[in-house]
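Observations on the model geometry
Chain by chain, the residues run as shown.
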Amino acid sequence: MFGYCSDPETLAGIKWLSCFLTTGKHMSFYASFGTVLLLLAITAPTALLFGFGGATAARSHFAPLSWFGRGYIAIVRGVPDIAFFLFFVIALDQGFEWLRHQVKCPDWQDAIRQGNDFVVCAEAKLPLSTSAQWVHESYGFFLAVLTFAIVFGAFAANVLYGAMRAVPRTQLETAEAYGMNRRQTFWRIMVPQMWVYALPGLSNLWMVLIKATPLLFLLGVEDIVYWARELGGSKTARFTDYPHGDWRMWYFFALLVFYLAFTKVSEVVLDRIMARLTKGQATAGGEAQRKAA
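The present account deals with the structure reproduced in this document. Not measured: the values here are computed from a predicted model.

1. Notes on the overall build of the chain
For the chain, the helix and strand inventory stands at ten helices and two strands. Ordered by position from N to C terminus, the α and β elements of the chain give α-α-α-α-β-β-α-α-α-α-α-α. Taken over C-alpha atoms, the radius of gyration comes to 25 Å for the chain, far larger than the 19 Å a tight globule of 293 residues would show. In terms of overall dimensions, the chain has a C-alpha envelope of 80 × 70 × 30 Å along the principal axes. Buried positions account for 37% of the 293 residues belonging to the chain. Taking the contacts inside the chain whose residues are at least 6 apart along the sequence as the reference set, 66% of them involve residues at least 24 apart. When the accessible surface of the chain is totalled, it reaches about 17,500 Å², and 63% of it is carbon and sulfur. If the 25 positive side-chain charges of the chain are averaged to one point and the 20 negative ones to another, these points end up 14 Å apart.

Structure, rendered in structure tokens:
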């Protein structure tokens, strides 16, 4: 990056370190922090949408829909996260390719399942072998986001389902007495009030989601954990212009600081949201605000 970085062997001290920290791989390391933040920015609302759908389905008076919602919550909550993360990435990828195979290669005669192999026609592969590298990376990131949303959506559904049940029944009965139908009562009374009861659980879920982002490394996405291990490992002059010892401790310490700082900022923001939601509500938080005023 700097002009004096052309010959690393002549460098020492601060100049060597400045050149080392501005190599192409380090730029990818810095960009991977954006990958983690982008994952959180997309996954959080998507998982909340999945969760709201799952909680609404679980409350449905239509039995099959209720079974589906309750089953979604129970199955995902009852299986270790790592198993679901590894399962969904493979299952979603093969599911998408199978659908494309049915459309693009209807005359295919061979079996798709051939022993341990999953074989589809070349036109059905996702992404295509001729696609650019960024397409492959974007597709892998998309699968990771969808997997995170499905798994954490089930936890959000459980939180929202409990929050819906926590809304005082008298509020709903009052709405019915004023002539509101079931749909109006749900959207105008229950949904606005349930967030007060849901936010503590959703706050904990957000913290768990932050801590789960290193699973991107296991899903094949080059995230901050991948680059910390890659850059921090021992390097010799034979394989790099900037040889060094085992520096992984320092790279992972940087990740520790990043996650702690991000968690602290999240706590401040969530506390402000909670204070805003509880204002005027018949809850412990609302009562504390009234006494303070």
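2. So, helix α5 (residues 133-166)
For α5, spanning 34 residues, the distance from its first C-alpha to its last is 49 Å, which sits close to the expected 50 Å at 1.5 Å a residue. When the local axis directions of α5 are compared, the greatest deviation, roughly 25°, occurs at Gly-153.

3. Some words on the packing of aromatic side chains
Enumeration according to the criterion identifies 14 aromatic pairs in this entry. Look at Phe-29 and Tyr-30: their rings are 5.8 Å apart centre to centre, the planes differ by 45°, and that puts the pair in the tilted class. Classification of Phe-29 by relative accessible area gives buried; the value is 6%. Exposure remark for Tyr-30: the relative accessible area of 36% places this residue in the partly exposed category. An angle of 70° between the planes, with centres 5.2 Å apart, marks the rings of Phe-29 and Phe-33 as edge-to-face. With Phe-29 and Phe-33 both in helix α2 (residues 24-58) and four residues apart, the pair spans about one turn of that helix. Ring pairs connect the aromatic residues Phe-29, Tyr-30, Phe-33, Trp-206, Tyr-251, Phe-258, Tyr-259 and Phe-262, which therefore count as one cluster.

4. Re the pattern of salt bridges
Under the definition given, this model contains five salt bridges. Its salt-bridge partner being Glu-230, residue Lys-25 comes within 3.8 Å of it at the nearest N-O pair. With a gap of 205 residues between them, Lys-25 in helix α2 and Glu-230 in helix α8 (residues 224-232) connect regions that are remote in the sequence. Across the pair Asp-246 and Arg-248 runs a salt bridge whose closest N-O atoms are separated by 2.7 Å. For Asp-246, a relative accessible area of 42% corresponds to the partly exposed category.

5. Here's the deal with the nonpolar core
Among the nonpolar cores identified, the biggest contains 69 residues, and Phe-29, Phe-148, Phe-152, Met-194 and Ile-224 are the most heavily contacted of them. If you tally residues by element for this core, the top one is α5, at 17 residues. Of all hydrophobic cores here, the second largest spans six residues; its members include Cys-105, Ile-112, Phe-118 and Cys-121.

6. What to know about the state of the cysteines
What the rule picks out here adds up to one disulfide. What pairs with Cys-105 in a disulfide is Cys-121, and their sulfur atoms sit 1.8 Å apart. Measuring the twist about the S-S bond at about 85°, one finds the Cys-105-Cys-121 disulfide to be right-handed. Within this pair, whereas Cys-105 is found in the loop between α4 (81-104) and β1 (113-114), its partner Cys-121 is found in the loop between β2 (117-118) and α5, the two being separated by 16 residues in sequence. Comparing Cys-105 with Cys-121, the two get one shared label, buried.

7. Brief notes about the packing of α4 against α5
Interhelical geometry of α4 versus α5 gives an angle of 130° and a closest axis separation of 9 Å. Classified by the angle between their axes, α4 and α5 sit oblique to one another. The element α4 and its partner α5 pack so that their crossing is right-handed. Contacts from Asp-81, Phe-84, Phe-85, Phe-88, Val-89, Leu-92, Asp-93 and Phe-96 of α4 reach α5 at Tyr-139, Phe-142, Leu-143, Leu-146, Thr-147, Phe-148, Ile-150, Val-151, Phe-152 and Phe-155.

Reading the values: the criteria
- Residues numbered from 1 in each chain as written.
- Predicted model: local features only at pLDDT ≥ 70, side-chain atom pairs only at ≥ 80, totals over all residues.
- Heavy atoms only, no water.
- Helix = DSSP H or I, 4+ residues; strand = E, 2+ residues; numbered from the N terminus.
- Rg over C-alpha atoms; globule rule 2.2 N^0.38 Å.
- Buried < 20%, exposed > 50% of the residue type's maximum accessible area, 1.4 Å probe, protein only.
- Contact = heavy atoms within 4.5 Å.
- Areas by Shrake-Rupley, 256 points an atom, 1.4 Å probe, with all protein chains shown as cover.
- Lys, Arg positive; Asp, Glu negative; His and termini not counted.
- Charge placed at Lys NZ, Arg CZ, Asp CG, Glu CD.
- Expected span 1.5 Å × (residues − 1).
- Bend = angle between axes of the 7 residues up to and from the residue.
- Phe/Tyr/Trp six-rings, centres within 6.5 Å; stacked < 30°, edge-to-face > 60°.
- Salt bridge = Lys/Arg side-chain N within 4 Å of Asp/Glu carboxyl O.
- Core = buried A, V, L, I, M, F, W, Y, C linked by side-chain atoms within 4.5 Å.
- Disulfide = S-S within 2.5 Å.
- Axes fitted to C-alpha atoms, helices over the stretch in contact; angles between N-to-C directions.
- Parallel < 35°, antiparallel > 145°, perpendicular 65-115°, else oblique.
- Left-handed = near helix turned anticlockwise from the far one by under 90°.

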